[in-house]
Amino acid sequence: MFAELNITSNFSFLKGASHPEEYMSRAAALGIGAIAIADENTVAGIVRAHAQARDIARQVRERQAWEAANGQIGPALPAGLRVTPTFLYAMPRLIPAARLVFSDACEITALPENRAGWGTLCRLLSMGRQRAEKGSCELRLQDLLEGGSGLQLILWPQAQEVPCGAGGWAQTARQLTRRFTGKIHIGLFPQYDGRDPQRFADLTEQARRLGLPTVASAAPVMHHGARRKLADVVTAIRTGCRVDDLGREALPNSEARLRSEAEMRRLFKGFEAAVDRAHTLAQSLKFSLDELRYEYPSEIAENETPSDRLRRLAYEGLAWRYPAGASNKVHRLLEHELTLIGKLKYEPYFLTVRDIVAFARSRDILCQGRGSAANSVVCYCLGVTSVSPEIGTMVFERFVSEARNEPPDIDVDFEHERREEVIQHIYERYGRHRAGLCATVVHYRGKRAIREVGRAMGLSEDTISALSSQLWGFFSTKGIEAERMAEIGLDANDRRLQQTLALVYEINGFPRHLSQHVGGFVITEGRLDELVPIENATMEGRTVICWDKDDIETLGILKVDVLSLGMLTCIRKAFDLMQMHHNVSHTLASLPPEDPVVYDMLCRADSIGVFQVESRAQMNFLPRMRPRCFYDLVIEVAIIRPGPIQGDMVHPYIRRRNGEEEVSFPSDELGEVLGKTLGVPLFQEQAMQIAIVGAGFTPDQADRLRRSLATFKKHGNVSEFRNLFLRGMKNKGYDDDFAERCFSQIEGFGSYGFPESHAASFALLVYASSWIKCHHPGIFACALLNSQPMGFYAPAQIVRDAREHGVDVRPICINASFWENVMEPDGQGGLALRLGFRQIKGVSEEDATWLTAARGNGYRSVRDVWRRAGLQPVMIERLAEADVFAALDLNRRAALWEAKALVPGAPLPLFAGDIDGEAIDEPAALLPEMTLGEEVVEDYVAMRLTLRAHPMALLRHRLTPQPGAKPVSLAPAEGKAPDLSKLSYTRGNPD
């Protein structure tokens with residue numbers, strides 16, 4: 001049996017040409033006993049190979065069980081893999097590893113012997129990554145000598161790219177041998193240049209003199225020889241040249257691939273002992289990623305166990321949330337959740353999230369838990385979410401499941417401007433050696449694949465742009481590329497174009513580089529850098545791990561999602577303004593509920609700027625939906641989604657709501673599930689409840705059904721649940737037609753269904769933002785402008801909407817404005833919105849701060865601003881272009897004229913007017929007045945908005961029918977299309 005110990009996957013970014021999963025499947029087909037994914041200074045792809053190995057083992061075991069039960073040979077396994085009968089039951093073992101690239105030594109593959117060795121490897125990689133910029137690793141041989149215990153090491157003299165000191169690789173081997181006796185090996189791999197036998201002989205002799213064993217490897221960079229072209233393409237992308245210009249960088253052939261034992265013995269004829277030693281070494285390495293035991297921080301406080309502390313805080317929250325007393329149902333739900341959480345030992349996780357939320361609230365940072373957390377009474381009582389689980393059909397097993405044995409996932413949104421405070425608090429509390437953000441793997445998708453492969457293949461930029469323009473055509477209608485290329489004027493028979501398109505399809509889904517997750521934190525009780533390597537992020541002050549959310553889910557590692565939401569920033573700023581100007585203190589929980597005036601506003605589709613319902617689709621639906629209560633908003637948020645639309649649920653729901661269709665239920669049990677949505681399933685939780693109530697599913701079976709419907713990986717196929725669902729409904733007495741229709745409906749929207757818990761969390765923000773807009777439109781517009789960029793609408797549309805609601809919006813003023821937009825007395829007992837300097841393009845907050853700090857009792861001239869605020873002349877020109885000097889009786893052109901006269905390095909104002917004892921008197925410039933149209937244009941150039949006139953108001957007279965013009969009929973003749981050629985508008989031309 002052979003073991004391959006030096007595989008390069010595509011997680012050695014732009015070097016390997018195959019996925020880790022492909023290597024595992026190919027190893028099963030070739031009957032290889034073990035493989036080591038050893039990427040360059042990283043273990044980012046290890047978990048994917050591990051998951052594939054587990055899946056292959058599961059499928060093989062299932063086949064063996066089936067054959068044992070049926071006495072015959074079963075279908076080919078693993079799924080989609082062609083295997084020969086000889087290796088029908090091959091289950092290759094994954095050996096975690098990394099290939100260490102040093103600045104002062106040859107490459108060395110590090111293979112952990114045990115769990116301690118894995119921790120050593122992770123610390124080494126963390127050390128090298130954290131002393132270099134993101135994406136780089138700086139390792140020195142001394143790092144390995146000082147902390148390399150628990151590792152077996154393979155030196156690769158042939159891969160030496162840098163000098164290894166005066167003694168070469170042999171000197172490196174001697175140093176390592178003194179430190180790691182019995183753990184050093186010399187690696188041999190073929191280069192297919194006709195000199196391999198002599199090279200093997202020389203290295204074997206040198207290894208014998210050093211007393212070191214040799215091991216053989218094919219050093220594959222691809223799982224199959226068919227990937228050779230793609231291997232050259234990724235090399236060209238990495239080196240920034242065309243494939244035609246790769247020269248020696250290109251692979252000479254397709255031989256650097258994963259090989260079977262028979263092929264290895266043929267390649268290493270005369271050196272078969274090295275092949276055998278690879279297998280022997282692999283057998284001595286017992287470590288598996290299954291051994292990783294993730295330990296969550298204990299969160300013990302004041303000698304109180306996590307279980308006792310969570311129970312105490314939950315019941316304290318129960319009294320806070322239900323001041324009049326909670327119902328028996330809530331008490332039962334709380335006890336059920338606490339029991340299940342305790343059984344799964346998840347108390348510390350809930351306590352961590354609660355403590356993070358408590359910190360944010362202590363700093364007046366608005367936050368709210370959403371998603372599955374809203375299924376939980378515990379989260380509601382801890383203050384993590386503001387949505388009561390009683391509002392709908394929420395199921396706790398949607399959140400935490402004993403049978404699924406997967407960690408819960410709590411998402412908490414924070415104000416987008418202040419989330420960094422929360423992130424840094426987590427780093428400070430737990431330490432950077434215990435906390436890190438998850439990675440996000442950036443894959444080749446669509447346009448990036450076309451651009452980078454196209455350039456590597458030598459296509460011209462205009463050809464690449466033309467191909468990019470047909471992006472969706474190529475990827476959604478594969479097979480009709482010739483027609484698509486003909487549409488954009490390209491020759492589908494061109495061989496280079498055909499090769500390029502084939503390579504684009506092949507590279508699609510390849511990892512390109514690692515980025516950081518939007519906010520998923522992994523926190524550990526012990527050292528995180530012994531569980532997974534930690535590296536620097538691009539953003540200063542952040543560190544990330546090299547695994548993404550799918551990887552940590554595979555390993556059962558908990559993460560806390562610290563996310564940002566612009567609307568929370570807007571709402572918090574609106575609350576602050578209400579406190580400042582109206583002395584009214586509000587929180588999300590204290591807003592007056594079910595205000596009919598607010599719902600009247602939404603029924604009019606008056607929702608510009610309102611969270612989630614400001615899109616055109618939502619605004620078109622609001623007058624049809626006519627929401628009158630909070631649960632209507634939950635439905636409103638969820639129903640305009642691809643799932644309900646594709647499942648044909650929108651129109652039936654509206655017809656039933658308007659009384660045009662009878663609301664009926666096949667049974668009282670399903671009536672309880674679907675009653676609030678008028679018999680139409682709209683939420684994922686309802687799909688689960690239908691399966692539980694109607695088909696007799698357990699909560700865990702129902703959750704697996706939901707996951708099989710969803711577009712997640714690794715969650716099976718919906719067909720395996722179909723018979724179970726139909727049989728269950730039949731046993732409950734439902735008609736076959738109804739059962740089929742019910743399952744088809746669930747299947748139709750499952751891939752894009754919206755969780756009710758998620759919709760409920762968002763609906764609370766919909767109501768809060770609607771209430772503020774309805775009762776305080778000026779404050780809402782001010783807060784919205786101060787929270788930009790966010791939402792659908794530009795500042796010009798927000799300002800125009802505020803003015804339509806009667807808000808007095810005042811222009812930016814050199815003596816009255818601040819950096820932020822503010823509310824100021826309007827002189828009539830109300831408030832006016834004063835635009836701030838942040839609305840001016842090119843003006844920074846620092847410059848605006850200096851400007852307002854030096855203002856005192858007000859500026860008197862443009863030169864006065866320059867002298868007192870110390871701004872650069874270019875910045876004062878930007879202020880003049882925004883017409884902020886109007887209060888000084890200076891129009892835009894006059895102010896700009898004066899600003900142009902400010903010269904850096906000119907004499908100080910005290911001496912500027914007196915040279916040789918004579919004052920300089922420059923004659924006043926006669927500048928023509930700007931027209932209204934010119935003013936509007938300049939406003940948009942400087943601020944992206946205007947308070948003068950709508951741009952269309954300047955053109956409307958040209959679109960008005962002229963006197964004597966005859967009306968044009970566009971009605972088509974019978975059976976013909978309308979004649980649009982008769983419709984024309986030209987300047988002042990009645991024809």
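Quick summary incoming for the structure in this document.

A closer look at the packing of helix α7 (residues 228-239) against helix α19 (residues 495-507)
Each pair of packed helices gets described by two things: the angle between the helix axes and the distance between those axes.
Move 1: Packing of α7 against α19 leaves a shortest axis separation of 10 Å and a crossing angle of 85°. With respect to their mutual orientation, α7 and α19 come out roughly perpendicular. Residue-level inspection shows Lys229, Leu230, Val233, Val234 and Ile237 of α7 in contact with α19, the latter providing Gln499, Leu503, Glu506 and Ile507.

With respect to helix α3 (residues 115-130)
Move 1: Compared with an ideal rise of 1.5 Å per residue, which puts 16 residues at 22 Å, α3 spans 22 Å between its outermost C-alpha atoms and is within 8% of the ideal.
Move 2: Residues of α3 that are buried in the fold lie against β3 (93-96), β4 (98-100), β5 (108-112), α4 (141-146), β6 (151-155) and β13 (534-536).
Move 3: Sitting at the amino-terminal end of α3 is asparagine 114, which places a side-chain oxygen 3.2 Å from the backbone nitrogen of alanine 116.

Things to note about empty space enclosed by the protein
Move 1: Using the criterion set out here, one finds 3 cavities of 30 Å³ or more in the structure.
Move 2: As a volume, the largest cavity reaches approximately 70 Å³.
Move 3: Forming the boundary of the largest cavity are Ile608, Gly609, Lys773, Pro777, Phe780, Ala781, Leu784, Ile798, Asp801, Ala802 and His805.
Move 4: Looking at the lining of the largest cavity, the elements that each hand over two or more residues are α33 (777-786) and α34 (795-804).
Move 5: Counting residues per element, the lining of the largest cavity draws most heavily on α33, at 4 residues.
Move 6: Taken together, the residues of the lining of the largest cavity sort by class into 7 nonpolar, 2 polar and 2 charged.

Regarding the pattern of salt bridges
Move 1: Per the counting criterion, the structure on display carries 65 salt bridges.
Move 2: Two residues, arginine 123 and glutamate 530, come together in a salt bridge whose shortest N-O distance is 2.5 Å. Remark: glutamate 530 occurs in the loop between β12 (511-523) and β13 and arginine 123 occurs in helix α3; sequence separation between them is 407 residues.
Move 3: Here arginine 123 falls in the partly exposed class, since its relative accessible area comes to 29%.
Move 4: With relative accessibility at 26%, the residue glutamate 530 sits in the partly exposed group.
Move 5: For arginine 265, the salt bridge is made with aspartate 276, and the minimal N-O distance between the two is 2.5 Å. Here arginine 265, found in helix α8 (residues 261-267), pairs with aspartate 276, found in helix α9 (residues 272-284); they are 11 residues apart in sequence, far enough to count as distant.
Move 6: Given the relative accessible area of 32%, aspartate 276 is considered partly exposed.
Move 7: A network of salt bridges, in which partner residues are shared, links Asp883, Arg892, Glu935, Asp939 and Arg948.

A few points about the packing of aromatic side chains
Move 1: All chains considered together, the criterion is met by 13 aromatic pairs.
Move 2: Considering the side-chain rings of tyrosine 599 and tyrosine 767, the 5.9 Å spacing of their centres and the 40° angle between planes classify their relative orientation as tilted. Taken together, the positions of tyrosine 599 in helix α22 (residues 596-603) and tyrosine 767 in helix α32 (residues 756-775) put the pair 168 residues apart, joining distant regions of the chain. Judged on exposure class, the residue tyrosine 599 and its partner tyrosine 767 are both buried.

So, helix α10 (residues 306-321)
Move 1: Taking 1.5 Å per residue, 16 residues should reach 22 Å; α10 reaches 22 Å between its end C-alpha atoms and fits that length.
Move 2: What α10 keeps buried is the set Pro306, Arg309, Leu310, Leu313, Ala314, Gly317, Leu318 and Arg321.

Reading the values: rules and limits
Residues numbered from 1 in each chain as written. Predicted model: local features only at pLDDT ≥ 70, side-chain atom pairs only at ≥ 80, totals over all residues. Heavy atoms only, no water. Axes fitted to C-alpha atoms, helices over the stretch in contact; angles between N-to-C directions. Helix = DSSP H or I, 4+ residues; strand = E, 2+ residues; numbered from the N terminus. Parallel < 35°, antiparallel > 145°, perpendicular 65-115°, else oblique. Contact = heavy atoms within 4.5 Å. Expected span 1.5 Å × (residues − 1). Polar contact = N/O pair within 3.5 Å; in protein donor to acceptor, adjacent residues only side chain to side chain. 1 Å grid on protein atoms, 1.4 Å probe; cavity = no way out; pocket = protein on both sides within 12 Å on 5 of 7 lines; lining within 4 Å. Points joined across faces, edges and corners; volume = space filled by probe spheres on them. Nonpolar A, V, L, I, M, F, W, Y, C, P; charged D, E, K, R; others polar. Salt bridge = Lys/Arg side-chain N within 4 Å of Asp/Glu carboxyl O. Buried < 20%, exposed > 50% of the residue type's maximum accessible area, 1.4 Å probe, protein only. Phe/Tyr/Trp six-rings, centres within 6.5 Å; stacked < 30°, edge-to-face > 60°.

All we've got here are geometric facts, nothing functional implied.
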